[in-house]
Amino acid sequence: MKLHHCVGARSFRPLWALEALGLSYELAMLPFPPRVHAKEYFALNPLGTIPLLEDGEVRMTESAAICEYLAARHGAGGLGVRPDEPDYGRYLNALHFGEATLTFPQTLVLRYGRFEPPERRNPGLVEDYSRWFLSRLKGFGAVLGERPFIAAGRFTAADISVGYALMLAEFAGLGEQLPDFAKTYWAGLQAEPSYARALAAERRAAGEQGVSPVPSPLGG
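Model, not experiment: these values are computed from the prediction.

About the cut-offs
- Residues numbered from 1 in each chain as written.
- Predicted model: local features only at pLDDT ≥ 70, side-chain atom pairs only at ≥ 80, totals over all residues.
- Heavy atoms only, no water.
- Domains from an automatic or database assignment.
- Contact = heavy atoms within 4.5 Å.
- Buried area = accessible area lost by both parts, 1.4 Å probe.
- Salt bridge = Lys/Arg side-chain N within 4 Å of Asp/Glu carboxyl O.
- Core = buried A, V, L, I, M, F, W, Y, C linked by side-chain atoms within 4.5 Å.
- Buried < 20%, exposed > 50% of the residue type's maximum accessible area, 1.4 Å probe, protein only.
- Helix = DSSP H or I, 4+ residues; strand = E, 2+ residues; numbered from the N terminus.
- Arc of directions from axis to C-beta.
- Expected span 1.5 Å × (residues − 1).
- Phe/Tyr/Trp six-rings, centres within 6.5 Å; stacked < 30°, edge-to-face > 60°.
- Pairing = 2+ DSSP bridges.
- Right-handed = clockwise from strand over helix to strand, strands pointing away.
- Lys, Arg positive; Asp, Glu negative; His and termini not counted.
- Polar contact = N/O pair within 3.5 Å; in protein donor to acceptor, adjacent residues only side chain to side chain.

Novice: Any chance you could explain the domain arrangement of the protein chain here in plain terms?
Specialist: Bring the parts together and some accessible area is lost; that lost area is often taken as the interface size. For the protein chain, the assigned domains read domain 1 (2–78 + 194–218) and domain 2 (87–192). If you look at the interface, domain 1 gives 22 residues, while domain 2 gives 26 residues. Interface area for domain 1 against domain 2, summed over the two sides, is near 2,000 Å², with a carbon-plus-sulfur share of 67%. Inspection of the domain 1/domain 2 interface yields two salt bridges. A salt bridge links E99 to R10, with the nearest nitrogen and oxygen atoms 2.8 Å apart.

As C-alpha cells, then:
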C-alpha cells in the first residue's frame, strides 16, 4: 500500500489508521498544495487532492472512507465495528461526522482566516464557522457522554476521524475554545501509541523526502 500525504492534512487520518493496524505501507510526502507544487501528482489523482491511497488496483481519495476501508479490508476487526455489533450505526455515524460535520467548517476558518491573501480574508466568515464548529462539537459531547471512545468500548476508526478534527482545531487556533469534554477525549486519543507512531512516521518521511515539516492542515 502507498499513501500520498501532506504534513498535518486530512491524510493524517489514514496514516494514523495504518499505524494503528500495524500495516506495511509506503508514505509519499507531497508539498502543500500538491496541485500547485507537484503538478505531476495529477497523473495519479486527477483531483489533485490528498489523501490518495493506492492498494493494488484500488484508488481512494476520501480520508474517512479510507479509514473505513482499511478497518474492514485489512483490520480483522481491530479498528472497525462489525455490522452485527450493537454500536455499528454509532460507529459509522461518528466516522463520517468527523469529516462531514466537524472538519468542513474548519477548512473555511483556515482558508479565510489564514491562507487567503489579506484582501480576501473574511473575519466575519471565520467567526461564523468557528461558532458552527463549536456548536456541532457540543452536540457530539452529548453523544459521547463519559465514554473514552465513541463506539464498542474500544479505539476505532471513528475516533481517528473525530480525533483529526480536534487536531485540526488546534491548527486553526480553536484549541483553547474546545469544551472540557473534548479536551479530555482528545488527550486520551493522543495517548494511543499509534498516534505517536503516525507523527513520527510523518516527520521521518518529510525529512527523508525534503518536504517542509510545517503542517498544512487545509488538505488537498
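From this point, the discussion proceeds with the structure in view.
Novice: I'm lost on the nonpolar core in this one. Help?
Specialist: Soluble globular proteins: nonpolar side chains tend toward being buried together. With 64 residues, the main nonpolar core has F12, W16, L70 and I150 as its most contacted residues. For this core, the secondary structure elements donating two or more residues are helix 1 (12–21), strand 2 (26–29), helix 3 (63–74), helix 4 (88–115), helix 5 (123–144), helix 6 (157–171), helix 7 (180–190) and helix 8 (193–209). Broken down by element, the residue count for this core peaks at ten residues, all from helix 6. When residues are assigned to domains, this core turns out to be shared by domain 1 (2–78 + 194–218) and domain 2 (87–192), each giving three or more.

Novice: What is the right way to look at helix 7 in this model?
Specialist: Residues lying three or four places apart along an α-helix face the same way, a consequence of the helix completing one turn every 3.6 residues. Within helix 7, the full set of buried residues consists of A182, Y185, W186 and L189. Seen along its axis, helix 7 keeps its buried residues to an arc of 100°; they face one direction. Exposed and oriented more than 90 degrees from the buried face of helix 7 are D180 and T184. Packed against the buried residues of helix 7 are helix 1, helix 5, helix 6 and helix 8.

Novice: Got a minute to help me understand helix 6 in this structure?
Specialist: For helix 6, built from 15 residues, the straight-helix expectation of 21 Å at 1.5 Å per residue is met to within 8% by its first-to-last C-alpha distance of 21 Å. Taken across its 15 residues, helix 6 has 13 buried, putting it largely inside the fold. Just downstream of helix 6, G173 is the residue with a positive phi angle, here 85°.

Novice: What's the story with the packing of aromatic side chains in this structure? I'm lost.
Specialist: Centre distance and the angle of the planes are the two values used to describe a pair of aromatic rings. Counting across every chain of the model gives 14 aromatic pairs. An aromatic cluster is defined as three or more aromatic residues linked by ring pairs; in this entry it consists of F12, W16, F149, F155, W186 and Y195.

Novice: Would you mind showing me how to read the pairing of strand 1 (residues 2–5) here?
Specialist: Note on strand geometry: in a regular strand, side chains alternate between the two faces of the sheet. Judged from the four bridges that link them, strand 1 and strand 2 form a sheet pairing that is parallel. For H5, the partnering residue across the bridge sits in strand 2 and is M29. Read from strand 1 through helix 1 to strand 2, the crossover connection turns out right-handed.

Novice: What should I look at first to understand the pattern of salt bridges in this one?
Specialist: Side chains that carry opposite charge are capable of pairing whenever their charged atoms lie near each other. Under the defined criterion, the tally for this structure stands at twelve salt bridges. Ionic pairing is found between E127 and R131, a salt bridge with its closest N-O pair at 3.2 Å. Taken together, the residues E127 and R131, both in helix 5 and four residues apart, mark about one turn of the helix. We classify E127 as partly exposed; its relative accessible area is 42%.

Novice: In this structure, what is going on with the side chain of D159? I would like to understand it.
Specialist: Note that D159 resides in helix 6. Within the buried set, D159 has no salt-bridge partner at all; the shortest N-O distance to an opposite charge, 8.4 Å, is to R154. Among the polar contacts made by the side chain of D159, one reaches the side chain of Y185 at a distance of 2.7 Å. When sequence neighbours within four positions are dropped, the list of residues in contact with D159 reads F149, I150, R154, Y185 and L189.

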